[in-house]
Amino acid sequence: MNDYIIRAMAGGGSIRAFAATTRELVQQARQTHHTSPVASAALGRMLTAAAMMGSMLKGDKDLVTLQIRGLGPLKGIVVSSDSKARVKGYVFQPNVEIPSKYPGKLDVSGAIGEGYMSVIKDIGLKEPYAGRIQLVSGEIAEDLTYYYAQSEQIPSAIGLGVLVDRDTSIKQAGGFIIQLMPDAPESMIAALEEKLQTVPYITNLLEDGKSPEDILELLLGDFELKILDKIPTEFYCNCTKERVEKALISIRKEELEKLIHEDKKADLHCHFCSKEYHFTEMELKELLKNAK
Ligand SMILES: [Zn+2]
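Not measured: the values here are computed from a predicted model.

Quick look at the layout of surface pockets now. Volume-wise, the largest pocket comes out at about 820 Å³. Taken together, 28 residues form the lining of the largest pocket, with R45, K105, L160, Y201 and I202 sitting closest to its centre. Elements with a minimum of two residues in the lining of the largest pocket: α2 (37-54), α4 (141-151), β8 (156-164) and α6 (202-207). In terms of residues, the lining of the largest pocket owes the most to one element, β8, which gives nine residues.

This is how it looks when you write it as structure tokens:
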């Protein structure tokens, strides 16, 4: 597995930073969901962001989920990561094709359209933390930057990119998140802003053979960069037949009885990984005994 995230700090602890290479997991998502190039790019950017945000979580069972709902033809995206940066996700309309506005650049914002982004963090509290913003560009990185500023009051610089090859496979994917801690001095903020103006697209850096370590060095090399951790990341779904059973038991008893009498079976499908689960009439009857 070649996908990983580098966690780092800089500026004596005033800056925290993440950079990731995610080509394989985006490729896996593309193969799982048969996404068109623009859908692969949108889903890949979201998965890359979620992987880095997952690696920020502290508890073993913590989860972060990012959702976009938009008026564009893609309609929506849902991705989620656990604290081990294992991500899963899907788009509502995987086969969207729209013309590019600029040559060589997939029109992700056109596919998403106007809408909103939600971030839900389940960190073991009674209620999960949830924040929601109106999309500012639909390019995802800008939207997430705006989310951090608005909902968490964390000034951030975020880059996310997916390069789709001519044969629609994933050529490059990756991203970075740089965040300022409240104690960051003004002079450092100004110097960092100036530095970030000069940064090329993340996909160009990856195409040039730059690793996440190189990218952080390029961005933060002048700010006493300290690499802290290298975290593997992958496309992974934790669905099991038992989990699907629980979902079946939790539907209304009448619904379950209807499935038994009319369909005599149930076929369910996991949105995140496209896995199919089949239940026979016998199995459903057994489940009905446990239903409320
Ligand atoms: Zn699944």
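Let us keep going from here.
Read from one edge to the other, the open sheet built from five strands follows the order β8-β9-β2-β1-β10, with strand pairing classed as antiparallel. Strands with a single pairing partner mark the edges of an open sheet, and in this sheet they are β8 and β10 (226-232). Looking at each pair of strands side by side, their axes are set apart by 10° on average, direction ignored. Relative to strand β2 (residues 15-21), strand β1 (residues 4-10) is paired through seven bridges, and the arrangement is antiparallel. Directly across from R7, in β2, lies its bridge partner F18. Along the sheet, helix α1 (residues 23-33) makes contact with β2, β8 and β9 (170-180), crossing β9 at roughly 120°. Sheet strands in contact with helix α7 (residues 212-220) are β1, β2, β9 and β10, and its direction is about 145° off that of β2.

Regular strands have side chains that alternate between both faces of the sheet. Residues Y277 and F279 point to one face of strand β13 (residues 276-280) and are all buried, whereas E276, H278 and T280, pointing to the other face, are not buried. As judged from the five bridges shared by strand β12 (residues 265-269) and β13, these two strands associate in the antiparallel manner. Looking at β13, one finds that K265 is bridged to T280.

With that out of the way, let us pick up the packing of aromatic side chains. Under the counting rule described, the total for this entry stands at three aromatic pairs. An aromatic cluster is defined as three or more aromatic residues linked by ring pairs; in this entry it consists of Y90, F92 and F272. Lying over the aromatic face of Y116, R132 brings its terminal NZ or CZ to 3.5 Å of the ring centre. In this structure, K230 is placed above the aromatic ring of Y4, and the distance from its NZ or CZ to the ring centre is 4.1 Å.

The next subject is the side chain of T48. Here T48 shows up in helix α2. In this structure T48 comes out as buried when scored by relative accessible area, which is 0%. When neighbours within four sequence positions are excluded, T48 is seen to be in contact with A20, T22, V26, L160, G174 and G175.

Moving on, we get to the packing of helix α5 (residues 186-197) against α7. Angle between the axes and distance between the axes: these two values describe a pair of packed helices. α7 packs onto α5 with a crossing angle of 125° between their chain directions and a minimal axis gap of 9 Å. By the angle between their directions, the pair α5 and α7 is classed as oblique. In this structure, α5 uses L192, K195 and L196 to contact α7, whose residues at the interface are L218, L219 and L220. Among the residues making up the contact of α5 with α7, the classes are represented as five nonpolar, no polar and one charged.

Every protein donor of the zinc ion is listed here as C237 (SG), C239 (SG), C270 (SG) and C273 (SG), and their distances to the metal cover 2.2 to 2.3 Å. Of note is the zinc ion, whose four donor atoms meet at the metal with angles of 102 to 112° in an arrangement that counts as tetrahedral. Of note, the zinc ion draws all its donor residues from one chain, in the sequence arrangement C-x1-C-x30-C-x2-C. One end of the pair, C239, is in the loop between β11 (234-235) and α8 (241-250); the other, C270, is in the loop between β12 and β13, with 31 residues separating them in the sequence. No difference in accessibility class separates C239 from C270, as the two residues are buried.

Quick notes on the rules
All chains use their own residue numbering, which begins from 1 and follows the written sequence. For this predicted model, a pLDDT threshold of at least 70 governs which residues receive local features, and a threshold of 80 or more governs which side-chain atom pairs are given and counted, while totals over whole chains, interfaces and linings are taken from all residues. Each side-chain value is worked out from all heavy atoms of the structure, with water and hydrogens disregarded. For each structure, a 1 Å grid was placed over the protein atoms alone; sets of points admitting a 1.4 Å probe that cannot get out are labelled cavities, open sets with protein on both sides within 12 Å along at least five of seven lines are labelled pockets, and lining residues have an atom within 4 Å of a point. Grid points are joined across faces, edges and corners, and a volume is the space filled by probe spheres set on the points. Helix and strand labels come from DSSP, where a helix needs a run of H or I of at least four residues and a strand needs a run of E of at least two; each type is numbered from the N terminus. Any two strands with at least two DSSP-identified bridges between them are counted as paired. Axes, fitted as lines to C-alpha atoms, cover a helix only where it is in contact. Angles between the N-to-C directions of the axes lie from 0 to 180 degrees. Note on contacts: a residue pair qualifies if any of its non-hydrogen atoms lie within 4.5 Å across the two residues. The classification of residues rests on relative accessible area computed with a 1.4 Å probe and restricted to protein chains. Under 20% of the type maximum is buried, over 50% is exposed, and intermediate values are partly exposed. Pairing of aromatic side chains requires ring centres within 6.5 Å, counting the rings of Phe and Tyr and the six-membered ring of Trp. Pairs whose planes differ by under 30 degrees are stacked, by over 60 edge-to-face, and all others tilted. Two conditions define a charge located above a ring, namely a distance within 6 Å from the ring centre to NZ of Lys or CZ of Arg, and an angle within 35 degrees of the ring normal. Working definition: roughly parallel below 35 degrees, roughly antiparallel above 145 degrees, roughly perpendicular at 65 to 115 degrees, and oblique for all remaining angles. In this classification, Asp, Glu, Lys and Arg are treated as charged, Ala, Val, Leu, Ile, Met, Phe, Trp, Tyr, Cys and Pro as nonpolar, and every other residue, Gly included, as polar. Donor criterion used throughout: N, O or S atom within 2.8 Å of the metal, extended to 3.2 Å for Na, K and Ca. Water excluded; incomplete-looking sites may result. Any site counts as irregular unless it has four donors with all angles between 85 and 135 degrees, making it tetrahedral, or four or six donors with opposite ones more than 155 degrees apart and the rest between 65 and 115, making it square planar or octahedral.

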